[in-house]
Each structure stands twice: as structure tokens, then as C-alpha cells.
Amino acid sequence: MITVLITGFGRFPGAPFNPSGPLALAVAKRRRPAFADLRRVVHIFETSYAAVDRDLPKLIAKHKPHIVLMFGLAARTPFVRIETRARNAVSVLFPDVTGFRPINRAIAAGKPDARGRASFARLLGAARASGARSRLSRDAGRYLCNYVYWRALEASRSGTLAQFIHIPPVSNARRRPGGKRRATHAALVRAGEAILLALLAAPPLTLTRCPAAAQHRWQAS
């Protein structure tokens, strides 16, 4: 049985509502034949560096996921961003939800940026086929979204396929005449489901190796 860890984030300064949490929960509950033998674990991170460092290694150690699918909010982006790379960088300007701001500008000194191992063309095609405006991105930012992606990719050296998806703000209201189109929760759920299906279509060897002991590696960084 394949295990998938699906995550989102809670609120953070400037975003009292974060749609990535409800999206993660909704994708974890989707029902279709392709998910029949799939074990899905969902987790909503507090938007803090300490929460990621505390919760992510525990989740990987306990559930040994083959896939980690992470969602986060990109408040100024009007489309779905499929992140291909996590930068070894953090912002010293923007505090997390607890008020903490990193002192150093790198996540781990002397280490390179981390690149995802998914088939990005396949993910992009799946997201667009669902009807969502979607693009590939090489810059996941310098905040918690980039941070959790970098940490997950670090752990993925032991076999987990980790992928981060930035989503736009959502709206349940109809678009005003002449106004910009905004994504709805339902549309993002369809996109998230499509991306998960695309990840499950990865080569079998990618999904048969369970993560082992990398979960605590960053604690010594």
C-alpha cells in the first residue's frame, strides 16, 4: 500500500485565512478507484519554523510516506504554482505566526538548493487538464513554504517523493464584471486531486523505497 502525506498551513501574518489547510483536508478525502488502496495522512502545520522542525520528522518517522504532497498559499499569485526547486534561503524580515524571525539567511550553511524529483511536465499537464491556471516555478520564496519544501526534499534522499504546490487565494463569490478571475476552493481541489494522481503515476521504483532514517538530519543543521 502506498502512503501519502498531504499537508497545508494555518494562518500567518497578513493571511488570517489560509486556504491550503482546507485544501489538504479535501484532497485527503477525495474518493475514486485510483485511491482505493491509498493510505492518506493529512497534517496542517502551524505556520512556524519550529512547527515544521518538530512535526515533519515525526510524521515521516511514524507514517513512512512514499509521497509528501505539500500545499501553501502564494497570496499575490493568481494561479497554481508547481514548485520545481527549494532554495537554501530564509527571510530575516518576515516573522512566522509566533513572531520568530530567522537570524541566518540560509537554512543550512554550505548546502545547495534542492530540486524536486517529480515529473513536472506531467504535474503541469494534470493541473491544467483539471481546468486550473497553472505554471511551473523555480522560486518557492524565502518563507515557510520554501522552508518545508527544502526540509522535505532533504528527507526525500531516503526515498520519499516530495512535491510542493503554491495555490492562489480563493473566492466563493462570483467575479464582478471586469474583475480578475479568482480560484475557487472546488477548482483547487480538482487541481490537487489531479496532481496527486500524476504523482501516483511515477515509476514504481520511486514508490517502493520507504524512507528510513533521514527524518532527523536537519536537527543537526
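Refer to the structure above for everything that follows.
Residues numbered from 1 in each chain as written. Predicted model: local features only at pLDDT ≥ 70, side-chain atom pairs only at ≥ 80, totals over all residues. Heavy atoms only, no water.

Peer 1: Break down the nonpolar core for me, citing the residues and quoting the values.
Peer 2: Residues Phe 71 and Leu 196 are the most contacted members of the largest nonpolar core, which totals 66 residues. For Leu 196, the residues in contact, after removing those within four places along its chain, are Val 4, Ile 6, Val 27, Phe 35, Leu 38, Arg 40 and Leu 69. (Core = buried A, V, L, I, M, F, W, Y, C linked by side-chain atoms within 4.5 Å. Buried < 20%, exposed > 50% of the residue type's maximum accessible area, 1.4 Å probe, protein only. Contact = heavy atoms within 4.5 Å.)

Peer 1: Help me get a handle on a nonpolar patch on the surface, residues and values and all.
Peer 2: Residues Leu 25, Val 42 and Ile 44 make up a contiguous nonpolar surface patch of roughly 200 Å² in combined accessible area. As for its placement among the helices and strands, Leu 25 is situated in helix H1 (residues 20-29). Judged by its relative accessible area of 36%, Leu 25 is partly exposed. (Patch = residues over 30% accessible without salt bridge, like charges linked within 9 Å, V, L, I, M, F, W, Y side chains within 5 Å. Areas by Shrake-Rupley, 256 points an atom, 1.4 Å probe, with all protein chains shown as cover. Salt bridge = Lys/Arg side-chain N within 4 Å of Asp/Glu carboxyl O. Helix = DSSP H or I, 4+ residues; strand = E, 2+ residues; numbered from the N terminus.)

Peer 1: Could you give an account of the pattern of salt bridges, with specific residues and numbers?
Peer 2: This structure, assessed with the given rule, holds 9 salt bridges. Here Asp 53 makes a salt bridge to Arg 151, at a shortest N to O gap of 3.8 Å. Highlighted residues: Asp 53 in helix H2 (residues 49-63) and Arg 151 in helix H4 (residues 144-155), separated in sequence by 98 residues. For Asp 53, a relative accessible area of 23% translates into the label partly exposed. Taken together, the shared-partner salt bridges in this structure form one network comprising Asp 53, Lys 111, Arg 151 and Glu 154.

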